[in-house]
Number of protein chains: 2
Amino acid sequence: MADQKQEVRLFGIVGSPETTSVEIALKLKGVSYEYVHESPTNKSDLLRKYNPVYNKVPVLVHHENPVCDYLVILEYVDETWKTCPILPSDPHQRALARFWSKFINDKVIPAIFKAALNPKEEEREKGKEEVVEALQIMENELRGKFFNGDSIGIVDIAAVYVAFWLPIIQEAGGLHVFTAEKFPKLEKWTREFLNLPYVKPTLPPREKPLAYYKNLIQSLASSK
Amino acid sequence: MADQKQEVRLFGIVGSPETTSVEIALKLKGVSYEYVHESPTNKSDLLRKYNPVYNKVPVLVHHENPVCDYLVILEYVDETWKTCPILPSDPHQRALARFWSKFINDKVIPAIFKAALNPKEEEREKGKEEVVEALQIMENELRGKFFNGDSIGIVDIAAVYVAFWLPIIQEAGGLHVFTAEKFPKLEKWTREFLNLPYVKPTLPPREKPLAYYKNLIQSLASSK
């Protein structure tokens with residue numbers, strides 16, 4: 001196990017949803033890894049070496065081979081450690097899992113950012129509509145306990161931002177769109193997902209991102 | 001063959017780089033398919049049914065199962081028809097192929113759009129710098145005849161926009177960044193790639209996109 005840990009290093013930032021996604025996948029599969037803390041303001045030379053194109057976390061380094069981009073990392077993890085697969089085996093089901101995890105990355109998360117943090121009020125209003133529309137699509141898509149049925153998969157893992165960060169942003173005063181009344185299945189999924197034994201201890205303490213978003217949203221309001 | 005054709009339908013638009021990418025992969029693998037022409041201005045009810053989230057081409061429908069998003073489709077095609085693989089078999093090499101095809105989609109193509117078509121001249125100038133930077137990264141990454149070595153793969157196929165559409169945009173008057181002097185390996189790759197027997201006949205006639213971009217760029221100049 002000690003050897004395996006040395007072989008697998010995860011460069012991450014505490015509070016980064018993408019880093020958290022990768023950690024959930026590694027823990028689900030029982031992969032030991034060394035967590036290398038990066039500073040958001042002062043990236044290390046090693047991070048620059050391993051991710052020269054984006055200079056961004058998370059980066060997974062396995063046997064000195066770096067893998068960048070959290071959705072690419074999640075697929076790599078699934079192909080390298082086969083237990084508890086996070087992608088289905090059927091090609092069409094795999095395509096759907098890829099499509100929905102990309103949807104969360106390309107549509108849901110940017111809409112939340114726009115709705116909560118765009119400097120223009122008009123844009124924030126548009127963003128809110130986009131978030132509601134995107135959450136409704138997710139609500140309709142959630143047919144089982146998890147997005148892939150009875151066990152969690154890449155879509156749930158990619159959606160940790162919706163489960164954990166979106167309620168924090170709401171509490172920070174930025175948004176009031178995700179409620180149990182409007183999205184009952186999604187709210188139930190959030191509770192189930194966040195309580196999983198390899199998810200709960202992986203989440204960062206709530207206080208830090210809460211303070212961070214409160215600050216951001218207040219400075220947005222005061223710059224009016 | 002007739003049966004296989006009925007089973008595989010590709011909803012596309014002539015002149016769409018993403019549609020062309022999927023066609024190249026299908027032809028490379030010898031998959032017969034029915035091409036269903038969509039109109040860019042008047043999408044069909046079938047397209048809305050098969051891609052309700054984005055209502056966009058390309059959509060591959062196989063045995064009535066729709067697959068959307070061209071990078072997701074390319075992976076589906078590779079997993080379904082195994083001959084002439086477009087992704088390597090080694091997990092780390094697969095991760096790299098995914099990373100670079102996403103880089104082309106997320107960085108290179110938006111930079112070209114910004115450089116050629118952003119209404120603000122200042123933004124177009126920034127875009128040009130971004131294109132040069134992105135092409136330099138691609139130039140450095142191109143170590144063999146193709147991005148994956150001796151045979152073509154998903155990165156080459158995703159980069160059809162750079163090989164075919166970028167020179168058209170340049171000729172239309174929008175940009176002068178991609179030259180053989182600055183990017184000799186990339187320019188050589190372009191010629192090799194576009195001349196492949198399953199690529200050349202798949203490309204749309206040059207005149208239509210050329211006229212389209214000329215028009216767009218002229219209206220941009222006249223709206224100053």
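Residues numbered from 1 in each chain as written. Chains lettered and ligands numbered in written order. Predicted model: local features only at pLDDT ≥ 70, side-chain atom pairs only at ≥ 80, totals over all residues. Heavy atoms only, no water.

(A) How the structure looks around the environment of A:Trp81. Mapped onto the secondary structure, A:Trp81 falls in the loop between α4 (70–80) and α5 (91–117). Separated by 51 residues in sequence, A:Trp81 and A:Gly30 have C-alpha atoms that sit 8.9 Å apart. (Helix = DSSP H or I, 4+ residues; strand = E, 2+ residues; numbered from the N terminus.)

(B) Region of the structure containing the packing of aromatic side chains. In total, this model carries 26 aromatic pairs over all chains according to the counting rule given. Note on B:Tyr161 and B:Trp165: the rings are 6.3 Å apart at their centroids and 5° apart in plane angle, and the pair reads as stacked. With B:Tyr161 and B:Trp165 both in helix α8 (residues 160–171) and four residues apart, this pair spans about one turn of that helix. Overall, the relative accessible area of 3% leaves B:Tyr161 in the buried class. With a relative accessible area of 1%, B:Trp165 lands in the buried category. One aromatic cluster is present, built from ring pairs that chain together A:Tyr54, B:Phe99, B:Trp100 and B:Phe103. (Phe/Tyr/Trp six-rings, centres within 6.5 Å; stacked < 30°, edge-to-face > 60°. Buried < 20%, exposed > 50% of the residue type's maximum accessible area, 1.4 Å probe, protein only.)

(C) Representation of the domain arrangement of chain A in the model. Residue and element names in this part refer to chain A. We note that the domain assignment places domain 1 (2–80) and domain 2 (91–222) within chain A. The straight-line distance from the C-alpha centre of domain 1 to that of domain 2 is 22 Å. Taken together, the 16 residues of domain 1 in the interface contact 20 residues of domain 2. Each partner contributes to the roughly 1,500 Å² buried at the junction of domain 1 and domain 2, and carbon and sulfur atoms together form 72% of this total. When the buried area of domain 1 at its contact with domain 2 is split by residue, Ile 24, Leu 28 and Leu 71 rank highest and sum to 33% of it. Linking domain 1 with domain 2 are one salt bridge. When the shortest N-O distance is used, the salt bridge between Arg 98 and Glu 75 registers 2.7 Å. Across the contact surface, domain 1 and domain 2 share five residue pairs in polar contact (both at pLDDT 80 or more). If you list the elements that add at least two residues to the side of domain 1 that touches domain 2, you get α2 (17–28) and α4. A per-element tally of the side of domain 1 that touches domain 2 places α2 first, with eight residues. (Domains from an automatic or database assignment. Contact = heavy atoms within 4.5 Å. Buried area = accessible area lost by both parts, 1.4 Å probe. Salt bridge = Lys/Arg side-chain N within 4 Å of Asp/Glu carboxyl O. Polar contact = N/O pair within 3.5 Å; in protein donor to acceptor, adjacent residues only side chain to side chain.)

(D) Quick peek at the environment of A:Arg9. Residue and element names in this part refer to chain A. Tracing the chain through its elements places Arg 9 in strand β1 (residues 8–12). On the basis of relative accessibility, which here comes to 14%, the residue Arg 9 falls in the buried class. When residues no more than four places from it in sequence are discounted, the contact partners of Arg 9 are Glu 34, Val 36, Leu 46, Tyr 50, Val 59, Leu 60, Val 61 and Glu 64.

(E) Structural context of the packing of α8(B) against helix α9 (residues 184–194) of chain B. Residues and elements named next belong to chain B. The N-to-C vectors of α8 and α9 enclose an angle of 95°; their axes lie 9 Å apart at closest approach. Considering their axes alone, α8 and α9 lie roughly perpendicular with respect to each other. Within the contact between the two elements, α8 uses Val 160, Ala 163 and Phe 164 and α9 uses Trp 189, Thr 190, Phe 193 and Leu 194. Split into classes, the residues belonging to the contact of α8 with α9 amount to six nonpolar, one polar and no charged. (Axes fitted to C-alpha atoms, helices over the stretch in contact; angles between N-to-C directions. Parallel < 35°, antiparallel > 145°, perpendicular 65-115°, else oblique. Nonpolar A, V, L, I, M, F, W, Y, C, P; charged D, E, K, R; others polar.)

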